[in-house]
Amino acid sequence: MKRFITNIRLKRTEEGGRSQPIPPRTFGCPVFFENVPELQSHGYDCRMLLAEYGEPVPPGGAVDEVALLFLSADELLPFVRPGVRFSMWEGKTIGSGVVVRVEDAP
């Protein structure tokens, strides 16, 4: 299984982001990849391994080196490389991120 290591930034509440922090555990939401035509038809369900970060992520907060696991990782691997940007969705866009690297899950 592959892990996508990313840097993420949540929108502030005033920007239309969440009103509550994301708890310090596994959090799931769809992500939409930008500038990758092969992946723009729909969102891809992921789990953010925020338990490794260990703290809630408040609206407007940023986290570097957070791992994302995708249910359809094999579909993404041919297209997702470091530098690919994405948006995080929870009924609205709640944040954005960039892929730093792809690695094997421990």
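In the block above lies the structure referred to throughout.
Scope of this entry: the structure provided in the associated data block. (Residues numbered from 1 in each chain as written. Predicted model: local features only at pLDDT ≥ 70, side-chain atom pairs only at ≥ 80, totals over all residues. Heavy atoms only, no water.)

## Topic: the nonpolar core
Side chains of nonpolar character tend, in soluble globular proteins, to be buried together. Operational definition: In plain words, nonpolar cores are sets of buried Ala, Val, Leu, Ile, Met, Phe, Trp, Tyr and Cys residues tied together by side-chain atoms within 4.5 Å. We call a residue buried when its accessible area falls under 20% of the maximum for its residue type, exposed when it is over 50%, and partly exposed in between, using a 1.4 Å probe and counting protein chains only. Numbering of helices and strands runs from the N terminus, with a helix taken as a DSSP run of H or I at least four residues long and a strand as a DSSP run of E at least two residues long. Throughout, a contact is declared for two residues whenever any of their heavy atoms are within 4.5 Å.
Phe33, Met48, Leu68, Phe70 and Met88 are the most contacted members of the largest nonpolar core, which totals 27 residues. Those elements that place two or more of their residues in this core are strand 1 (2–10), strand 2 (26–33), strand 3 (44–49), strand 4 (62–70), helix 1 (73–76), strand 5 (85–89) and strand 6 (93–104). If we ignore the near neighbours within four places in the chain, the residues touching Leu68 are Lys2, Arg3, Phe4, Thr6, Val31, Cys46, Arg47, Met48 and Phe86.

## Digging into the pairing of strand 6
The two faces of the sheet receive side chains in turn, since in a regular strand these alternate between them. Convention followed: Any two strands with at least two DSSP-identified bridges between them are counted as paired.
Pairing analysis gives nine bridges linking strand 1 to strand 6, with the strands arranged antiparallel. Residue pairing for strand 6: Thr6 is matched across the bridge by Val99. Pairing of strand 5 with strand 6 involves five bridges; the strand directions are antiparallel. Paired with Phe86 across the two strands is Gly97, which belongs to strand 6. Counted along the chain from strand 5 to the antiparallel partner strand 6, the turn is three residues long, and its residue Gly91 has a positive phi close to 80 degrees.

## What to know about the environment of Gly97
Positionally, Gly97 belongs in strand 6. Given the relative accessible area of 6%, Gly97 is considered buried. Residues Gly97 and Val84, spaced 13 residues apart in sequence, show a C-alpha to C-alpha distance of 8.5 Å. Non-local contacts of Gly97, meaning those with residues more than four positions away in its chain, are made with Asn7, Ile8, Val84, Arg85 and Phe86.

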